[in-house]
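Residue-level structural notes
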Amino acid sequence: MADRCLLAAGSLPGSLLTIAALYRMGITGGSSSRLITITLGVALLLSAVAVLARPLIRRMSDRHAAARRHWTAPLTVMAGFVLGVLVTTSSVGAGALGMTLLVILYPGVRLVRLVGSDIAHAVPLTLVAGLGHWLLGSVDWLLMGSLLLGSVPGIMLGSRMSARLPDGCCGRYSQLSS
C-alpha cells in the first residue's frame, strides 16, 4: 500500500536525524532516561488527543473530501516523520499513534489493511532506530532476546487471527471508524 511507503518517507529520515541528534547531544547508553520519560509523556498525550479529536477531524475531513485527497500524501509523510522521532526516542508511537493517524488519513481503507500497513511500516523503522541505538550503546541484548522470545509467537498468532476477523467485530479502531 502506498501509505506505508509515504510513512517510511517521513519516518526513516526522522529516525536517522533523531539518532544523529542524540549522538551530537552526547545522549548515549543510560544517559537518556529523562529524555525518554518526557518523550513517552508527549507520545501518550498525542495518542490520547488523536483518539479524542478523531470524530472532529473526521467531520472536518468529510466536509472537505477533495482537499483531504490533495493533502493525504504530505500529511502521511509528516506523520511518518513525527512517528520516526517518537519511536527512535521512546519506542512509542508506531502502534497506537500510527494506527490512529492511518485511520484518520485513510477512512475508506479496511482496518485489517491499515493494521498490516502499520506493521509493515514499523519493521524498517524499528530496524533503523534499533541499529541507531545499538551504535549509541543503549541496547540491552538479554532484554531484547526475552522480548523476541515472547513476541514472535504472539505476532504469528495475532496475524492469523486478524486476517479472519471482520472489521466491525471488536476493538477500539473499529469503533473509531464510525
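Residues numbered from 1 in each chain as written. Predicted model: local features only at pLDDT ≥ 70, side-chain atom pairs only at ≥ 80, totals over all residues. Heavy atoms only, no water.

A tally of regular secondary structure across the protein chain gives 7 helices and 0 strands. Reading the secondary structure of the protein chain in the N-to-C direction produces α-α-α-α-α-α-α. For the protein chain, the residues scored as buried account for 31% of the 178 residues in total. Counting only contacts in the protein chain whose residues sit at least 6 apart along the sequence, the fraction spanning at least 24 positions is 80%. Summed over all atoms, the accessible surface of the protein chain reaches about 10600 Å², with 72% contributed by carbon and sulfur. (Helix = DSSP H or I, 4+ residues; strand = E, 2+ residues; numbered from the N terminus. Buried < 20%, exposed > 50% of the residue type's maximum accessible area, 1.4 Å probe, protein only. Contact = heavy atoms within 4.5 Å. Areas by Shrake-Rupley, 256 points an atom, 1.4 Å probe, with all protein chains shown as cover.)

Let us look at the confidence of the model for the protein chain. Atomic detail in the predicted coordinates should be set aside for any region of low pLDDT. Scored by pLDDT, the protein chain comes out at a mean of 80, with 84% of its residues at no less than 70. Segment residues 173–178: pLDDT under 50, and 16 contacts once partners within four positions in sequence are set aside and those in other chains are kept. (pLDDT = per-residue confidence, 0-100.)

On the surface, L127, L131, W134, L135, W141, M144, L148, V152 and M156 cluster together into a nonpolar patch covering about 950 Å² of accessible area. The set of elements that each furnish at least two residues to the nonpolar patch consists of helix 5 (111–136) and helix 6 (141–164). Counting residues per element, the nonpolar patch draws most heavily on helix 6, at 5 residues. Along the chain, M156 falls in helix 6. (Patch = residues over 30% accessible without salt bridge, like charges linked within 9 Å, V, L, I, M, F, W, Y side chains within 5 Å. Salt bridge = Lys/Arg side-chain N within 4 Å of Asp/Glu carboxyl O.)

So, on to helix 4 (residues 96–105). Counting buried positions along helix 4 gives 8 out of 10 residues, so the element sits mostly inside the fold. Looking at helix 4, one finds that the buried residues are L97, G98, M99, T100, L102, V103, I104 and L105.

With 26 residues, helix 5 extends 36 Å from end C-alpha to end C-alpha; this agrees with the ideal 38 Å at 1.5 Å per step. Buried residues of helix 5: L111, L114, S117, D118, H121, A122, L125, A129, G132, H133 and L136, and no others. Downstream of helix 5 by a residue or two, G137 has a phi angle that is positive, lying close to 80 degrees. (Expected span 1.5 Å × (residues − 1).)

A word on the packing of helix 4 against helix 5. Remark: helix 4 packs on helix 5, axes separated minimally by 10 Å, with the N-to-C direction vectors making an angle of 135 degrees. Considered as vectors, helix 4 and helix 5 are oriented oblique to each other. The chirality of how helix 4 crosses helix 5 is right-handed. Facing G98, M99, L102 and V103 of helix 4, the residues of helix 5 in contact are L111, L114, V115 and D118. A breakdown of the residues in the contact of helix 4 with helix 5 according to their chemical character gives 6 nonpolar, 1 polar and 1 charged. (Axes fitted to C-alpha atoms, helices over the stretch in contact; angles between N-to-C directions. Parallel < 35°, antiparallel > 145°, perpendicular 65-115°, else oblique. Left-handed = near helix turned anticlockwise from the far one by under 90°. Nonpolar A, V, L, I, M, F, W, Y, C, P; charged D, E, K, R; others polar.)

Mapping T39 onto the fold places it in helix 2 (residues 33–63). Taking relative accessible area as the criterion, T39 reaches 9% and is therefore assigned buried. Excluding anything up to four places from it in sequence, T39 contacts L86, T89 and S90.

Here we come to the side chain of T76. Among the secondary structure elements, T76 is positioned in helix 3 (residues 65–90). Residue T76 is classed as buried on the basis of its relative accessible area, which comes to 0%. Within the structure, the side chain of T76 is placed 2.6 Å from the backbone oxygen of T72, a separation counted as a polar contact. Reaching out from T76, the side chain makes a polar contact with the side chain of Y106 at a distance of 2.9 Å. (Polar contact = N/O pair within 3.5 Å; in protein donor to acceptor, adjacent residues only side chain to side chain.)

Turning to the environment of L125, a few remarks are in order. Mapped onto the elements, L125 comes out in helix 5. Once the C-alpha coordinates of L125 and V87 are considered, the two residues, 38 residues apart in sequence, prove to be 8.0 Å apart. Those residues in contact with L125 that sit more than four places away from it in its chain are S11, L12, S15, L83, G84 and V87.

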